[in-house]
Each structure stands twice: as structure tokens, then as C-alpha cells.
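These are the residues of each chain, in order.
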Amino acid sequence: MDSKDKDHILSLKVMRLTRPSLFTGLAIGSDARDLPGDYLNADIRSDIAIPQGIPNTGVGHMLLLPQSFGNIYLGETFSCCLCVHNDGNEVIREVSIKAVLQMSNQRVPLLGEEENESLHQLDGNATINEVIQHEVKDIGTHILVCAVSYLSPVGDRLSFRKFFKFQVMKPLDVKTKFYNAELAHNKAQSDEVYLEAGVQNITSGPLCLERVELEPSPFFSVTPMNTLAQESNSLVFGRMNVVNPHDTRQYLYCLKPKPEARMNLSLLRQATAIGKLDIVWRTNMGDRGRLQTSQLQRMAPQYGDVRVTVEKIPNVVQLEDQFSVGLSITNICERNLELHLDFLSGGGGSEWNGVSSRSLPQLQPGESTSLSLSLVPLHTGLQTIAGVRLTDTFLKRTYDYENLAQVFVTNEKTKEKEDFFSAWINQPV
């Protein structure tokens, strides 16, 4: 960015400070049997900007100074140098330089806003250089306003301003999905929440993701699930997590409610804030960027006033052999609950065994009761435990549970007979 006002003795130049890039050239080779012979190949080999051994890649080993303002992305540090030059031969006194960065919703002073600001004296053909830096935290149009004031040789106070506009673009596209865990490893219903985060590089060059961490809210603790099992410090993406333009990396996190949150189920039910993603990356030339998302929100599971969890259930059961299922019923509302239990028919390949309807003990807020119920499986395969209805006798509100858990039903006796007859038929004569 360059500007100069001919009506003033001083001129202002603004140059963005950024890292150089690698020289890239167009490699044009030819076969030795072609008309040019080996002349083109010899010219490429003699080019000092082309690396030895890989002349046809087009990527050189020399650095190229920036020729334009370049792109600025959210989360990067904007650095520039303000140069005020005295175009005359006389000494200019009380030179003041101010810089302000204006966005759509705020104004950030970068230079010269202090009350005890020191004024400069500028000799003839001399220059004052000031370097300013600012971490860009907003997307959209930014205007750098530079103001210069000074005392002319005749004693007049003069000033001028220059405006430099640039756009800040979005470097990453983050998409999230939440999964409320239905079953834990012990087959009981769980309060765990799984977060799947997709981080896409939407810049024009490759990025190296140095850190993608989830900072949980006060209600949860987080366990990253992005490392190899045998090497806890090794990412599944490899040691260098380089993401090319338009590529995406998928991250997975498991969030568990803290003990104090588990004790207050009504508070846990209303806890929709999960946390923030903190992302740190570097460009191909080492420029560092950092981005933190806003508070991620999930849809809280809708339990109503009652929560039913499966505490005990076998993994495999025998066809037509009775088995037990342990349920826990918890009151998560602010009043006493009087519930009535009913068994519905057609419960996913099995039938409940016992009294089909009964009243449960009164539950105070936060109190739980445990039930042991019996079922008889009628079909083989993976069957769903369903057909439980709870009725709030005060509000006449019903809760139907059609997917409490799953159990595998087998018929080992039939399989043993089939194996016996198969072995008998296939025995050698």
C-alpha cells in the first residue's frame, strides 16, 4: 500500500509485513530426439532458481518477496510498517503518527493513542518507521486509518489522513455433530455426549494443524479420541497433520458429565453448552494462526420428568429361556412422582413375564428406584427390549419406551443338532 500527498512536505507509505514465498517457474522440457534437442533441458539445468535433481517440478528453492498485499485470514496476525518520509531539506518538528483499525462494529487503536505520546523530529530526507501488529478477530472489510500531523517550518499545524481497505477472509470451515450416547459399555444408558468436528481448509494453500482441542464447559470433562490406541501421543493423521485446500479433518471427542452435574439431573438436562474448539495452525511458510469457535450448543435429551436407564441385561440369551432386565427409574422433576407401570404387547420379539400392570412407590425429586423384570424371548437374532409404559398418575402423562436396549437371542440346542446331523451325513464311508 503506497500513498503520497503532494501538498505536504511529509509522505506516508504503508507496507504489509509478511513472509516470502517459494519461487515457482514453468518447467518446459523436451525429448533429445525433438527438433530443439537438449537445449531446453540444458537451460533448465543452468537456472539457479531450479533445485538440482528435480528440475521438472516447477517449485524452486529460492524465496520470492511478496509482490502484492496478499490474503489475510481470520485468526492471523496482521503486521505492517508505517513509513513517514521528509521529502524536503528542512527539519520538521512535532511529528505525530496515529493508526486506527476500523471494522463494522468496533474501532481498535493501534498506534499513537497514548496520552503521553512522544512527538518526533524529522530531519531532511529522513524517515520514521513504525511497526504495528494486530490479531484479526473479525471477518469482512477492515479499514486502516493512518493520520500524520506535524509542525511546518513556518509554525503552522498541518495534518493529513490516508485510508487503506482490505478484506479478512475465513480460513477454516468447522462443522459439528452431536450424538447423545444411548448405551454405555455395560449396556446401561449413559450421559456421555460425543462431538464430531469436521475442520475444512478453505484457504488457497496448505495448512498444518498444530492443535485442535475442545475446551469443555464447567459441566463436562472431555476425552479426545484422535490418537492411536498403542501410541497415546500419536495422532491418527500422522506426525505432520497437513491439510490441503478444500480437504477436511474429522475429530471426535467424548464428553462426560462431572460428578457434581450428575447429582443434579435437572441441571444436567438443561446443560446445552458443550464447550469451545481451539484451533492453532501454521501456513506453508510458518505463519501462525489461531481460531476459537463460539460456545457449541447441543440439543439436550428430552427425558420429560422421568428417566429410565438399563442397569443390567445379558449380552446373549437362549430362545424361550426366561431372563431378567434391571431398570432404574429416576424422578428428575421438582415434585413428587406417583408412577404406574404397564407392559405393552409386541415388545420386539419377546414377551414380558409377570403382572402386566402395577403401581410403583412414590419418588421424591432426584430419587431413584430399581426394578427387576423378566422376559421370554420368542425369536432369534438381535432383538430390541421394548414395550414399557410409565404413567404419571397426577398429570395423566404417559412415557413409552420402545428402545431400551438390545439382546442377542440364540438357539444353541438347534445348532448343536444341525452340527451333529451335518457331521453324520458327511462322514466318510
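All of these numbers come straight from a predicted model, not from anything done at the bench.

The rules behind the values
- Residues numbered from 1 in each chain as written.
- Predicted model: local features only at pLDDT ≥ 70, side-chain atom pairs only at ≥ 80, totals over all residues.
- Heavy atoms only, no water.
- Helix = DSSP H or I, 4+ residues; strand = E, 2+ residues; numbered from the N terminus.
- Buried < 20%, exposed > 50% of the residue type's maximum accessible area, 1.4 Å probe, protein only.
- Contact = heavy atoms within 4.5 Å.
- Phe/Tyr/Trp six-rings, centres within 6.5 Å; stacked < 30°, edge-to-face > 60°.
- Core = buried A, V, L, I, M, F, W, Y, C linked by side-chain atoms within 4.5 Å.
- Pairing = 2+ DSSP bridges.
- Patch = residues over 30% accessible without salt bridge, like charges linked within 9 Å, V, L, I, M, F, W, Y side chains within 5 Å.
- Areas by Shrake-Rupley, 256 points an atom, 1.4 Å probe, with all protein chains shown as cover.
- Salt bridge = Lys/Arg side-chain N within 4 Å of Asp/Glu carboxyl O.
- Polar contact = N/O pair within 3.5 Å; in protein donor to acceptor, adjacent residues only side chain to side chain.
- Axes fitted to C-alpha atoms, helices over the stretch in contact; angles between N-to-C directions.

### Structural notes on the environment of Val409
Inference 1: If you trace the backbone, Val409 turns up in strand S31 (residues 405-410).
Inference 2: Residue class for Val409 comes out buried when judged on its relative accessible area of 2%.
Inference 3: Each C-alpha atom, one on Val409 and one on Asp321, is 9.6 Å from the other, the two residues being 88 residues apart in sequence.
Inference 4: Residue contacts for Val409: discarding those within four places in its chain leaves Val317, Gln318, Leu319, Pro377, His379, Thr380, Gly381 and Gln383.

### Let's talk about the packing of aromatic side chains
Within a pair of aromatic rings, the relevant descriptors are the distance that separates the centres and the angle that separates the planes.
Inference 1: Tallying each qualifying case throughout the model produces three aromatic pairs.
Inference 2: When the centroid spacing of 4.8 Å and the interplanar angle of 15 degrees are considered together, the rings of Phe343 and Trp352 count as stacked. Neither Phe343 nor Trp352 differs from the other in exposure class; each is buried.

### Side note on the environment of Lys13
Inference 1: If you trace the backbone, Lys13 turns up in strand S1 (residues 10-16).
Inference 2: Residue Lys13 is classed as partly exposed on the basis of its relative accessible area, which comes to 46%.

### Side note on the nonpolar core
Note on soluble globular proteins: their nonpolar side chains tend to be buried together.
Inference 1: Core analysis: the largest hydrophobic core is formed by 51 residues, its most contacted members being Leu10, Leu82 and Leu144.
Inference 2: Among the elements that take part in this core, strand S6 (residues 92-102) stands out by supplying five residues, more than any other.
Inference 3: Contact partners of Leu82, with chain neighbours within four places excluded, come to Lys13, Val14, Ile97, Ala99, Leu111, Ile128, Asn129, Glu130, Ile132 and Cys146.
Inference 4: Grouped together as the second largest cluster of nonpolar side chains are 30 residues, Trp352, Leu363, Leu371 and Leu404 included.

### Describing the pairing of strand S25 (residues 350-353)
Inference 1: Here S25 shows one buried face, formed by Ser350 and Trp352, and one open face, formed by Glu351 and Asn353.
Inference 2: With four bridges connecting them, S25 and strand S27 (residues 368-377) associate as antiparallel partners. Bridged to Asn353 within S27 is Ser374.

### A short note on a nonpolar patch on the surface
Inference 1: On the surface, Met15, Leu17 and Val131 cluster together into a nonpolar patch covering about 260 Å² of accessible area.
Inference 2: Here Met15 is to be found in strand S1.

### Some details on the environment of Arg389
Inference 1: Along the polypeptide, Arg389 turns up in strand S29 (residues 388-392).
Inference 2: Judged by relative accessible area, Arg389 falls into the partly exposed class, the value being 29%.
Inference 3: Sequence-distant contacts of Arg389, that is, excluding residues within four places in its chain, are made with His340, Leu341, Asp342, Leu344, Thr398, Tyr399 and Asp400.
Inference 4: Within the structure, Arg389 has its side chain in polar contact with the side chain of Asp400 (distance 2.6 Å).

### Some points on the sheet that holds strand S12 (residues 172-180)
Inference 1: Ordered in space as S12-S13-S17-S15, the four strands form an open sheet in which the pairing is antiparallel. At either margin of the open sheet sits one strand with a lone partner, and together these are S12 and strand S15 (220-224). With strand direction ignored, the average angle separating the axes of adjacent strands in the sheet is 25 degrees.
Inference 2: Relative to strand S17 (residues 248-257), S15 runs antiparallel, the two sharing five bridges. Bridge pairing in S17 places Val222 opposite Leu255.

### Considering the sheet that holds strand S21 (residues 306-312)
The strands making up a sheet associate through backbone hydrogen bonding, with each pair oriented either parallel or antiparallel.
Inference 1: Judged by pairing direction, the sheet is antiparallel, and its four strands sit side by side in the order S21-S23-S27-S25 without closing on themselves. The open sheet terminates on both sides in strands that have one partner only, identified here as S21 and S25. The average undirected angle you get between the axes of adjacent strands in this sheet is 40 degrees.

### Let's talk about the pairing of S31
Inference 1: Across three bridges, the pairing between strand S22 (residues 316-318) and S31 is parallel. Within the sheet, the bridge partner assigned to Val316 lies in S31 and is Phe408.
Inference 2: With five bridges connecting them, strand S28 (residues 381-385) and S31 associate as antiparallel partners. Pairing of Ile385 across the sheet is with Ala405, part of S31.

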